[in-house]
Amino acid sequence: MGDTHVRDDRARLPDGGDPIALFAARVLDVLVDRNRRTSSTLRPDLVLALAESMVTPDGDRVEETLAAFRRACISPESMADAYIPAAAQHLGLNWVSDRLCFAEVTIATARLQALVRAIGTRWGGDPAHLPGRRSVLMIVPDTEQHTLGAVVATGQMRRMGLSVCLRLGPERAEVIELLRARTFDAAMLSIGHGEGFDVAGRLVDTLRRSGSRGMPIVAGGAGAVGRTDVAARTGVDHVTQDLGEALAFCGCAPLVPVGAAVPAKMSLRG
């Protein structure tokens, strides 16, 4: 993906010849058939295979996983939008049940995120000044560890024809400099936990002071699920887990209809 900045190594693969790097590089070579399916219907066996191949990767294991997706005619879009988030959820449940340790889940999730980013290269980057293209600033606050949901949503919006600038863990000064240099039609925040509301609130204040006047700000993420106080505590204009709803609220109609591109309900979860 193009205009995507990170402040640290949370979204990068570990070095040292990790076979996931090869897996990510080959996904597009294998899963590019126009007849491949983009569907929100998940096959549990493929979710399990993908999750397990991220935990203990080796050349044979990842090749077997890739072959299974190829045989099932799964598109890169479905892998990014549906299978990778489902695999991440599977890893999280295994951590909760003590089947995997925190380090294993963290590294496996970083590999999944790297895979999303590799797949996303075919959807283009972020031409900031393309005439007529609506622009969205997607931010994950610097206290958040869960960035996969925001990366997935960024890819979805880019496929819809929107220009998206993704920032993971930016410093306040970086946000101010960005807003002085560029104009955005909307801003989105991914909040992973309730403890991040204060940080999100300060970020919203920065967006209000330095961003375009009247720019709508929407929040989503796991930390906002089931909460009724998110808007009051952070100052955002709207809270939702539905990407289509978020874009409609912001007046950023996609060039490609939401329903035709992705399973929108999962978009802002992270």
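Residues numbered from 1 in each chain as written. Predicted model: local features only at pLDDT ≥ 70, side-chain atom pairs only at ≥ 80, totals over all residues. Heavy atoms only, no water.

### Observations regarding the overall build of the chain
- What the chain contains, in helices and strands, is eleven helices and six strands.
- Summarising the internal contacts of the chain: among those between residues at least 6 apart in sequence, 79% fall at separations of at least 24.
- For the chain, the accessible surface area stands at approximately 12200 Å², while carbon and sulfur atoms represent 51% of it. (Helix = DSSP H or I, 4+ residues; strand = E, 2+ residues; numbered from the N terminus. Contact = heavy atoms within 4.5 Å. Areas by Shrake-Rupley, 256 points an atom, 1.4 Å probe, with all protein chains shown as cover.)

### Some points on the environment of Cys252
- Take Cys252: it is sitting in the loop between helix H10 (243-250) and helix H11 (258-261).
- The buried category is assigned to Cys252, whose relative accessible area is 0%.
- Taking the C-alpha atoms as reference points, Cys252 and Asp185, separated by 67 residues in sequence, lie 7.4 Å from one another.
- Setting aside anything within four residues of it in sequence, one finds Cys252 in contact with Arg134, Val136, Leu162, Asp185, Ala186 and Leu247. (Buried < 20%, exposed > 50% of the residue type's maximum accessible area, 1.4 Å probe, protein only.)

### What to know about a nonpolar patch on the surface
- Together, Trp95, Val96 and Phe102 give the surface a local cluster of nonpolar side chains, amounting to about 360 Å² of exposed area.
- For Trp95, the position within the fold is in helix H4 (residues 76-96). (Patch = residues over 30% accessible without salt bridge, like charges linked within 9 Å, V, L, I, M, F, W, Y side chains within 5 Å. Salt bridge = Lys/Arg side-chain N within 4 Å of Asp/Glu carboxyl O.)

### Some remarks on helix H7 (residues 172-181)
- Buried within H7 we find Val175, Ile176, Leu178 and Leu179. The arc that holds every buried residue of H7, seen down its axis, measures 165 degrees, which confines them to one face. Seen from the buried face of H7, the exposed residues on the opposite side, beyond 90 degrees, are Ala173, Glu177, Arg180 and Ala181.
- Where H7 is buried, its residues touch strand S2 (135-140), strand S3 (163-168) and helix H8 (197-210). (Arc of directions from axis to C-beta.)

### Quick notes on the pattern of salt bridges
- In the structure shown here, the tally under the stated rule is eight salt bridges.
- With a closest N to O distance of 2.6 Å, Asp45 and Arg43 form a salt bridge.
- Exposure remark for Asp45: the relative accessible area of 41% places this residue in the partly exposed category.
- The class for Arg43 is partly exposed, based on a relative accessible area of 37%.
- Ionic pairing is found between Asp229 and Arg233, a salt bridge with its closest N-O pair at 3.9 Å.
- Taking the relative accessible area as the measure of exposure, Arg233 reaches 40% and is therefore partly exposed.
- Taken together, the shared-partner salt bridges connect Arg227, Asp229 and Arg233 into one network.

### A look at unusual backbone geometry
- We note that Cys73 has phi near 60 degrees; this positive angle belongs to a residue other than glycine.
- With respect to the secondary-structure elements, Cys73 resides in the loop between helix H3 (59-71) and H4.
- In this model, Asp98 sits at a positive phi of 65 degrees, which is unusual for a non-glycine residue.

### Quick notes on the environment of Ser78
- With respect to the element layout, Ser78 can be found in helix H4.
- Using a relative accessible area of 3% as the deciding quantity, one classes Ser78 as buried.
- For the pair formed by Ser78 and Leu42, sequence separation is 36 residues and the distance between their alpha carbons is 9.0 Å.

### So, the packing of aromatic side chains
- Throughout the structure, instances matching the rule amount to two aromatic pairs.
- With centroids separated by 5.2 Å and ring planes inclined at 80 degrees, the aromatic side chains of Phe69 and Tyr83 adopt a geometry described as edge-to-face. Of the two residues, Phe69 sits in helix H3 while Tyr83 sits in helix H4, which places them 14 residues apart along the sequence.
- Owing to a relative accessible area of 1%, Tyr83 belongs among the buried residues under this scheme. (Phe/Tyr/Trp six-rings, centres within 6.5 Å; stacked < 30°, edge-to-face > 60°.)

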